[in-house]
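Now for the letters of each chain:
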Amino acid sequence: MKKRVHELAKEYGMNSKDFLNLLRDEIKLETAENLKNLSGLSVEDVERVRKYFEDITAPKEIVEEKGVALNKKLLEEDEIFEEEITSKKGKKSKKNNNKKVSFDGNDEERNKKNKKKKGRRTDFVMKTVETVGSETIEEDGMKIIKIRGEITLGDFAERLGISSSEIIKKLFLKGQMLTINSPLSIDTVEEIAMDYDVLVEQEEEIELEFGEKFALEVEDKDEDLKERPPVITIMGHVDHGKTSLLDAIRASNVVEGEAGGITQKIGAYQIIKSGKKITFVDTPGHEAFTDMRARGAQVTDIAILVVAADDGVMPQTIEALSHAKAANVPIIVAVNKIDKPEANPMRVKQELMEHGLVSVEWGGDTEFVEVSAKQKLHLDDLLDTILITAEILELKANPKKRAKGVVLESRLDPKVGPIADILVQEGTLKIGDVIVAGETYGKVRALINDKGERVEKVELSQPAEIIGFTQVPQAGDTMYVIQNEQHAKRIVEEVAKERKLAETSKKTITLESLSEQFDHENVKELNLVLRADSRGSVDALRESLLKLSTSEVAVNIIQAASGAITESDVKLAEVSNAIIIGFNVRPTTKAIKEAEANGVEIRTSNIIYHITEDIEKALTGMLDPEYKEVYLGRIEIKKVFKVSKVGNVAGCVVVDGKVRNDANVRILRNGIVMYEGKLASLKRFKDDVKEVVTGQECGLGIENFNDIKEGDIVEAFEMQEIKRTLK
């Protein structure tokens, strides 16, 4: 009979995550990639699993043995690393078995082996990955050259065991003039290697994660892991009731504070259900906040996909679904607004089935819960489903170690300084802890929970505001608690150095070079200075506005920052001929006076739609007018008369359409255009007329053209202006 993944995992005393890895890597089930905790296994698959466990009598012990072996390897590597440092300095270090410096409060064995000198810290480690150079190996008699990064012609010749001149000559005959120090492309390298029966392998460059690079990640012991609250992300289309649902769940009002009913920034809140905590992360629904929504999906354990029962699946529903799938998290569908007369939950299930979400009733593994945020219907059912799913996931973390979290949002408060909204993922964060995130560090001066209360510590899966960073951290950065401020400073310096190196190695683009490029391409620019209430909103607004640029008109963002519009912003806008855009912020009194005095325009709004619409209209107005030619009619010249003081005039007949006296005309002789211009006169008999139509006779004269002949055709047309749009 069919069995669900989590049931079978429990039977063999394994957690679901390890069990899924076992199905994929060891047992190699064909369906393993698509399996989730709630997925059902076929009878054949269940038999394969049982057979595997019959052969291996103690899978749990094997897993533990692997963990022990891995820990041993890590300890050996640490010893070698410490010994290398000691030997380079030419000093001997002594073991101090009495003093235990524990990274997580329990890892004493590991720290016993770390060799430290009194009064000096040696725990700053920066791991790097070799990204340049190459090596040559032989496999089954075949020579293989492994290349990392770039390889020069001389180096490649040396690897091949031939002279550089041979390769230079070979490439010269193919039209390439290179020297011994010229870098070779991978295609060229492969092409040359084929002539010498040598294989070339290009090794990918691996970029270490922040925590791994600075050895901030520490392996947890099984006995230290405790159950933690699940982190739930509410996702879905604009106005499908995400914030209303969250509002109904935690019985407080969020929607009224949101302009236009749109959530403008990430917020995280915690509730208690049946004695268990659940953390909710509310994500904005507007398409401009795609990046922020993506960040929400990265920190979550379970995604709640809110779909309105009256609207059904919409573009951003699919987008939110793809973020949840990319984060590889279980999805619970909340079919909202079932209280509406036009609600059709069945249609929602059918539409989502096309995107791979099949309800449990229909043989799938996705839970669908029909709710009404407005009427507060079936909210308990939704919370129960969340708790059951969380129980299956067996979410655990170590509360004793130094804290690790993610920066959900950040902003600069003029009174308090840099503030970061964080979600603690591991450990316990306390006041006084030294913290680092990306290029900024600090010391926790204050912690404020989701209810606005000051607290002494923040526990697992708990959201909080941190005050104490020296600068505003980047939203999405991982935050770590560090041993001391010196250590934090060194990490920040290294990150800053790396970023600077990366920037210089890339092709640098300055405002001046962009300006020159735009001048060359005759692109019109709209200069903007952006200000928003938070770093996340700044990024979202910048992306939205830059998307409006076309090949003819471009948005040039001179400065984008969070905080109120200041006097310096106005001065910058004045010298750069820019407009100031404020999102959820207002100018200071000095800024208002400065702007009025210097004629600088400040546009503020708390709805992102209004800003993008205004800028789109401005850019549309900057587009050069476009015209299309509209054919009017043709006249055939029958007779040419010479009139003194006037020149040649023609006696004609209209053969097609109509001709107006203000129309543009071209003279056609044997199908060839002889002249293009305007009519000087258009007459019927002796009277001037405004237009003549098919079959009528008329007389006409052409401006600045006297060489008209019998049989010429006069084609009349007009140029109509087309209304331009950016799209």
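The structure presented is a predicted model; accordingly, all values stated were derived computationally and were not measured. (Residues numbered from 1 in each chain as written. Predicted model: local features only at pLDDT ≥ 70, side-chain atom pairs only at ≥ 80, totals over all residues. Heavy atoms only, no water.)

Here the focus is the packing of helix H18 (residues 567-576) against helix H19 (residues 589-598). Remark: H18 packs on H19, axes separated minimally by 8 Å, with the N-to-C direction vectors making an angle of 20°. Between H18 and H19, the angle falls in the class roughly parallel. Remark: the crossing between H18 and H19 carries right-handed chirality. In this structure, H18 uses Glu567, Val570, Lys571 and Glu574 to contact H19, whose residues at the interface are Lys590, Ala591, Glu594, Ala595 and Asn598. Residues of the contact of H18 with H19, tallied by class, amount to three nonpolar, one polar and five charged. (Axes fitted to C-alpha atoms, helices over the stretch in contact; angles between N-to-C directions. Helix = DSSP H or I, 4+ residues; strand = E, 2+ residues; numbered from the N terminus. Parallel < 35°, antiparallel > 145°, perpendicular 65-115°, else oblique. Left-handed = near helix turned anticlockwise from the far one by under 90°. Contact = heavy atoms within 4.5 Å. Nonpolar A, V, L, I, M, F, W, Y, C, P; charged D, E, K, R; others polar.)

Residue pairs three or four apart in sequence face the same way in an α-helix, which turns once every 3.6 residues. Among the residues of helix H6 (residues 153-160), Leu153, Gly154, Phe156, Ala157 and Leu160 are the ones counted as buried. Along the axis of H6, the buried residues cluster in a sector spanning 165°; they form a single face. Just downstream of H6 lies Gly161, where phi reads positive at about 80°. (Buried < 20%, exposed > 50% of the residue type's maximum accessible area, 1.4 Å probe, protein only. Arc of directions from axis to C-beta.)

Let us look at the sheet that holds strand E28 (residues 602-605). With respect to topology, four strands assemble into an open sheet ordered E26-E25-E27-E28, the strand pairing being parallel. Taken across any chain shown, the strands that pair with only one partner, and hence form the sheet edges, are strand E26 (553-562) and E28. Within the sheet, the average angular offset between the axes of one strand and its neighbour, ignoring direction, is 25°. Alignment of strand E25 (residues 524-532) against strand E27 (residues 579-583), held across five bridges, turns out to be parallel. By the bridge assignment for E27, Leu530 is matched with Ile581. The strands touched by helix H20 (residues 608-622) within the sheet are E25, E26, E27 and E28, with E25 carrying the most contacts at an inclination of about 165°. (Pairing = 2+ DSSP bridges.)

It is worth spelling out the nonpolar core at this point. With 26 residues, the main nonpolar core has Leu245, Ile278, Phe280, Ile304, Leu382 and Ile386 as its most contacted residues. Looking at this core, the elements with two or more residues in it are strand E9 (231-236), helix H10 (242-250), strand E10 (267-273), strand E11 (276-282), strand E12 (302-308), strand E13 (331-336) and helix H14 (379-393). If one sorts the elements of this core by residue count, H14 sits on top with seven residues. Sequence-distant contacts of Leu382, defined by excluding residues within four places in its chain, comprise Leu245, Ile249, Ile304, Ile332, Ala334, Val369 and Val371. Core analysis: the next-biggest nonpolar cluster, separate from the first, contains 21 residues, Leu632, Leu679, Val692 and Cys698 among them. (Core = buried A, V, L, I, M, F, W, Y, C linked by side-chain atoms within 4.5 Å.)

A word on the packing of aromatic side chains. One pass over the structure, following the stated rule, counts one aromatic pair. Relative to Phe705, the ring of Tyr675 has its centre 4.8 Å away and its plane inclined at 10°; by these criteria the two rings are stacked. Of this pair, Tyr675 sits in strand E32 (residues 672-684) while Phe705 sits in the loop between strand E35 (697-702) and strand E36 (713-722); the two residues are 30 residues apart in sequence, bridging distant segments of the chain. Of the two residues, Tyr675 and Phe705, both sit in the buried class. The cationic tip of Arg666 hangs over the ring face of Phe717; the distance from NZ or CZ to the ring centre is 4.0 Å. (Phe/Tyr/Trp six-rings, centres within 6.5 Å; stacked < 30°, edge-to-face > 60°. Lys NZ or Arg CZ within 6 Å of the ring centre and 35° of its normal.)

As paired strands, strand E30 (residues 647-660) and E35 are joined by four bridges and run antiparallel to one another. Pairing of Ala650 across the sheet is with Leu700, part of E35. Of the pairings in the sheet, the one linking E32 to E35 comprises four bridges and is antiparallel in character. Paired with Lys683 across the two strands is Gly699, which belongs to E35.

In this section: the confidence of the model for the protein. In low-pLDDT regions, the fine details of the predicted coordinates are not to be read closely. Considering every residue of the protein, the mean pLDDT works out to 77; 77% of them sit at 70 or more. Residue range residues 129-133 is modelled with pLDDT below 50. Its contacts to residues more than four positions away, or to other chains, number nine contacts. Predicted confidence for residues 252-258 stays below pLDDT 50, and this span has nine contacts to residues more than four positions away or in other chains. (pLDDT = per-residue confidence, 0-100.)

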